[in-house]
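Notes for the structure review
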Amino acid sequence: MTEPAKRLRLAMIGGATPSMIGPVHRIAAIMDGHFDVVAGVPSSDPARGLAAGLDWGLDRARIYPNVEALMAGGASTLDAVAICTPNDSHHAYVKAALDAGLHAIVDKPLCNDLAQARELAELARAKNLVLALTHAYAGYPMVRDARARVARGEIGELRMVQVEYLGAGLARKVEDQADARRRWRLDRSRSGPSLVLGDIGTHAHHLACFVAGRPIVELSAEVGTLMPGRMVHDYAQIRFRLDGDVRGAMTVCQAAAGAENDILVRVFGSLGHVEWRHSDHNHLKLGFLDGETRIYGRGQPNVTPEAARATRIARGGHPEGLHEAFANLYSDFAIAIRAIRAGKSARAAAPDLPDVMDGVAGLAFVEAALASSAARGANTAL
Ligand SMILES: NC(=O)c1ccc[n+]([C@@H]2O[C@H](COP(=O)([O-])OP(=O)(O)OC[C@H]3O[C@@H](n4cnc5c(N)ncnc54)[C@H](O)[C@@H]3O)[C@@H](O)[C@H]2O)c1
């Protein structure tokens, strides 16, 4: 009988209440038995961090007041860190983790600056460490199904990609009554050079490239603000080309009244198209030239192996969601770490895991979109 693989020891940075995505990380990390959360810096406020860490069941001695203390006191007893703090802290915390020899999984955007993103990529490469990025939509089984079907040629030669990400979080004038979660987002020095591009544009960029299986190489953008007087971007419309002269269009907006994280990706080929919507994330639609329409359902026997391995409840109709999608990223993170420890390629072992190079591509996309918008939509290479 083979020994079960030992659980990897994970520290969480961020996640104390109020935190939107921290609890999702914590639940996802342990869902498939790859990680134990053994330490943390749950908050920038040590008292709130201590209370949160105790609530999570951590030993008092393993709850640290800041990242310096975590690395000095705890790095040797860890395998990896998860970083789910505001964007302006990502670069320093990822760097601290890599410098301490720890694998890291960080929320998007990788950081706020392309040069710093490249520096992190080089550091991860030099140290042979996994640096994963939680582009959640790449964890959804039917998004993986779409990617696999496109890759195996089911819709023919690629022609066009359409991607949308619309939310209503900034559809009202929230500036005067901003809560903690909004305050850092409304501050450009913290959320980055473009809120809409960093917050949801990088997700849309990753989703389009993930399903199409190729990078965006050129774009023309208008990035701006729908809400009068707003100091951060809440809207962008981008025309783009992917590698191989595939055309594309993206709309991302955080001020779309009534929208509820409405995400759509469609990839059109010479024979047909795939279509995935967040509001119906357990299904993938395929439409073909001859008029045939197929709907594939998560958990059904006719999905691709890529979708099947990302599914826990292999029974049609029982829904899974964001936590399970995140857990798929954490499982792939563990698989990538174990591959590296076995002297193998992390990329080959976990080909669907968004990683530091996706983070660099995301920052290159943000930079190119801002340059294009400043030049009244001039075509700009990535
Ligand atoms: N992948 C996704 O789908 C997704 C969804 C939402 C947010 N995000 C990303 O996750 C990150 C956090 O976003 P959020 O909406 O959860 O933010 P939030 O404001 O709701 O939570 C931030 C958390 O970080 C903690 N924190 C802040 N500064 C810290 C520090 N210096 N040290 C330790 N802890 C600190 C806060 O106490 C809080 O727990 C952002 O980078 C955001 O872009 C990703």
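Quick note: structure is the one above.
If you're wondering where the values come from, they're calculated on a predicted model, not measured in any experiment.

1. Overview of the side chain of Ser220
- Here Ser220 shows up in strand S7 (residues 216-224).
- Excluding residues that lie within four positions of it along the chain, Ser220 makes contacts with Gln237, Ile238, Arg239, Ser372, Gly377, Ala378 and Asn379.

2. Re helix H4 (residues 90-99)
- Considered for burial, the residues of H4 that qualify are His90, His91, Val94, Ala97 and Leu98. With its buried residues spanning 135 degrees around the axis, H4 presents them on a single face.
- The secondary structure elements touched by the buried residues of H4 are helix H3 (67-74), strand S3 (80-83), strand S4 (103-106), helix H5 (114-127) and strand S5 (131-133).
- Positioned one or two residues after H4, Gly101 has a phi angle of 80 degrees, which is positive.

3. A short note on the pattern of salt bridges
- Throughout the structure, instances matching the rule amount to 29 salt bridges.
- A salt bridge links Asp88 to Arg190; the nearest nitrogen and oxygen atoms lie 3.1 Å apart. With Asp88 in the loop between S3 and H4 and Arg190 in helix H8 (residues 188-191), the pair connects residues that are 102 residues apart, well separated along the chain.
- Residues Arg347 and Asp358 are paired through a salt bridge, measuring 3.9 Å at the closest nitrogen-oxygen approach. Here Arg347 is found in helix H12 (residues 346-349), whereas its partner Asp358 is found in helix H13 (residues 356-374), with eleven residues between them in sequence.
- Taking the relative accessible area as the measure of exposure, Asp358 reaches 23% and is therefore partly exposed.
- Each of the salt bridges in this network shares a partner with another, and the network as a whole consists of Arg144, Arg147, Arg309, Asp332 and Asp352.

4. A word on the packing of helix H6 (residues 141-151) against helix H9 (residues 195-212)
- Put simply, H6 and H9 touch, their axes get as near as 7 Å, and they point 45 degrees apart. It follows that H6 is oblique to H9 by the angle criterion. On H9, the residues that touch Val143, Arg144, Ala146, Arg147 and Val150 of H6 are Leu207, Phe210, Val211 and Ala212.
- Across the contact of H6 with H9, the residue classes tally to seven nonpolar, no polar and two charged.

Thresholds applied
Residues numbered from 1 in each chain as written. Predicted model: local features only at pLDDT ≥ 70, side-chain atom pairs only at ≥ 80, totals over all residues. Heavy atoms only, no water. Helix = DSSP H or I, 4+ residues; strand = E, 2+ residues; numbered from the N terminus. Contact = heavy atoms within 4.5 Å. Buried < 20%, exposed > 50% of the residue type's maximum accessible area, 1.4 Å probe, protein only. Arc of directions from axis to C-beta. Salt bridge = Lys/Arg side-chain N within 4 Å of Asp/Glu carboxyl O. Axes fitted to C-alpha atoms, helices over the stretch in contact; angles between N-to-C directions. Parallel < 35°, antiparallel > 145°, perpendicular 65-115°, else oblique. Nonpolar A, V, L, I, M, F, W, Y, C, P; charged D, E, K, R; others polar.

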